[in-house]
Every structure is written in structure tokens, then in C-alpha cells.
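# Survey of secondary and tertiary structure
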Amino acid sequence: MAKIKKLFDTDQIAERVDELALEISNKVSEKITIIGVLKGSFVFLADLIRALDKIGCPSHIEFLRLSSYGEKQKTSGDVVLIGGQPTVSNNRTVLLVDDIVDTGNSVAFAKKLLEAKGIAEVLTCTLLDKPSRREVA
């Protein structure tokens, strides 16, 4: 069995989540709608929401479920919306949260979906970035 290499420890992740929360609170001046991309973002999203709450940045939480992998280990490149769209007021700033940006296809798809609903501003936040696999900026 291959040994798994730890990239970041718990303290490093917690510190980065706190830094991201501060960056977000400095960028938005009102209650923000946060949309977590399921299933991958749920733990990161929970940590981020707690960090935002701790510094007094209120948020409304929604979820969006996307799939580009199906049952495979490698993405097909085709992103599919599973279930309904999140309920969001179109005059709000939305923060789209995902765990890892890999090809960029899922984040780009979700951003276009929200912009098509008339969302005023769509910001993105991810914990990890894999630029070596990027297909979409």
C-alpha cells in the first residue's frame, strides 16, 4: 500500500481558513450568501463559516451539487447540476466555496449558472488549487 504524504497539518489549515475569513470580511460589507459546492466543500465550508462568524461576518448558507466525475476517478470535463439551484437574491454578493480547484470546470460552470440568475457579484474561495490540471482560467 502506498504511503500517503501529508501536505498540510491541522494548524496550517486552521490558520489559512482564518486568513481567508478575514480577507472575505474585508471584501464584503453586508451579510453574504455563501454557496458550498457539494460534496467536497462541506468540511472546509463549515470551518470557514465558523471563522467568519467568529469575526462578526454574518452569512446565509446555500448549497449547489455538481458532478464532473460520475463514478470515475478522472473528470469527464462535462459538469452536471444535480438537484435544484440554490435560492439567492439577485442583488446580493455570493461567495462560491469549493474545496479544490482542479480543472476549473466546476467553478466556471457554477459561476456562469449564478450570473445567469442575475447575481450582482460572484466571488470564489477554495482551500486548495491544482494549477497543473487547469483547463479553465
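Every chain's residues receive numbers from 1 upward, in the order its sequence appears when written. Reporting in this predicted model follows two pLDDT cut-offs: at least 70 for local features of residues, and 80 or more for side-chain atom pairs to be given and counted; totals over whole chains, interfaces and linings ignore these cut-offs and use all residues. Only heavy atoms go into the side-chain values, all of them from the structure, while hydrogens and water stay out.

Bringing the pairing of strand E1 (residues 32-38) into the picture now. In terms of burial, E1 is largely enclosed, as six of its seven residues are buried. Pairing between E1 and strand E2 (residues 59-67): seven bridges, direction parallel. Paired with Val-37 across the strands is Leu-64, a residue of E2. With its strands directed away from the observer, a crossover is right-handed exactly when the path from the first strand over the helix to the second travels clockwise. The helix count covers DSSP runs of H or I at least four residues long, the strand count covers runs of E at least two residues long, and both are numbered beginning at the N terminus. Crossover handedness for the path E1 to helix H2 (residues 42-54) to E2: right-handed. When E1 meets strand E4 (residues 93-101), the two strands line up parallel, connected through four bridges. Opposite Ile-35, over in E4, you have Leu-96 as the bridge partner. With a 1.4 Å probe rolled over the protein chains alone, any residue whose accessible area is under 20% of its type maximum counts as buried; one over 50% counts as exposed, and the rest are partly exposed. Strands are labelled as partners when DSSP assigns at least two bridges between them.

Attention shifts here to the packing of helix H1 (residues 10-27) against H2. Here, axes are lines fitted to C-alpha atoms. For helices the fit covers the stretch in contact, and angles between N-to-C directions go from 0 to 180 degrees. One way to put it is that H1 packs onto H2 with a least axis distance of 9 Å and a crossing angle of 60 degrees. With respect to each other, H1 and H2 are oriented oblique. Along this stretch, H1 crosses H2, giving a crossing that reads as right-handed. Residues Val-17, Asp-18, Leu-20, Ala-21, Ile-24 and Ser-25 of H1 pack against Phe-44, Asp-47, Leu-48, Ala-51, Leu-52 and Lys-54 of H2. Partitioned by chemical class, the residues of the contact of H1 with H2 number eight nonpolar, one polar and three charged. We call two directions roughly parallel when the angle between them is under 35 degrees, roughly antiparallel when it is over 145, roughly perpendicular when it lies between 65 and 115, and oblique otherwise. It is the rotation of the near helix from the far one that decides the hand of a crossing: anticlockwise by less than a right angle makes it left-handed, clockwise makes it right-handed. Note on contacts: a residue pair is in contact if any heavy atoms of the two residues lie within 4.5 Å. Gly is put with the polar residues, along with every residue not named as nonpolar or charged; the nonpolar set is Ala, Val, Leu, Ile, Met, Phe, Trp, Tyr, Cys and Pro, and the charged set is Asp, Glu, Lys and Arg.

Let us look at the side chain of Ser-106. Tracing the backbone through its elements, the reader meets Ser-106 in helix H3 (residues 105-116). Accessibility expressed as a relative area gives 19% for Ser-106, which makes it buried. Setting aside anything within four residues of it in sequence, one finds Ser-106 in contact with Leu-66, Ser-68 and Val-79.

This paragraph deals with the pattern of salt bridges. Take a side-chain nitrogen of Lys or Arg and a carboxyl oxygen of Asp or Glu: if they are within 4 Å of each other, that pair is a salt bridge. On inspection of all chains with the given rule, the structure shows five salt bridges. A salt bridge links Asp-47 to Arg-50; the shortest N-O distance between them is 2.7 Å. With Asp-47 and Arg-50 both in helix H2 and three residues apart, this pair spans about one turn of that helix. Linking Arg-134 and Asp-129 is a salt bridge whose minimum nitrogen-to-oxygen distance equals 2.0 Å.

Let's shift gears to unusual backbone geometry. Cis geometry marks the peptide bond from Leu-38 to Lys-39; its omega dihedral reads 10 degrees. Looking at the element boundaries, Lys-39 is found in the loop between E1 and H2.

Let's shift gears to the layout of surface pockets. The definitions used throughout rest on a 1 Å grid laid over the protein atoms alone, on which a cavity is an enclosed set of points accommodating a 1.4 Å probe that cannot get out and a pocket is an open set flanked by protein within 12 Å on both sides along at least five of seven lines; lining residues are those having an atom within 4 Å of a point. Grid points are joined across faces, edges and corners, and a volume is the space filled by probe spheres set on the points. Approximately 220 Å³ is the volume found for the second largest pocket. Elements represented by at least two residues in the lining of the second largest pocket include exactly H1, E4 and strand E5 (121-129). Here the element with the most residues in the lining of the second largest pocket is H1; it accounts for five residues. The residue inventory of the lining of the second largest pocket, partitioned by class, reads seven nonpolar, two polar and three charged.

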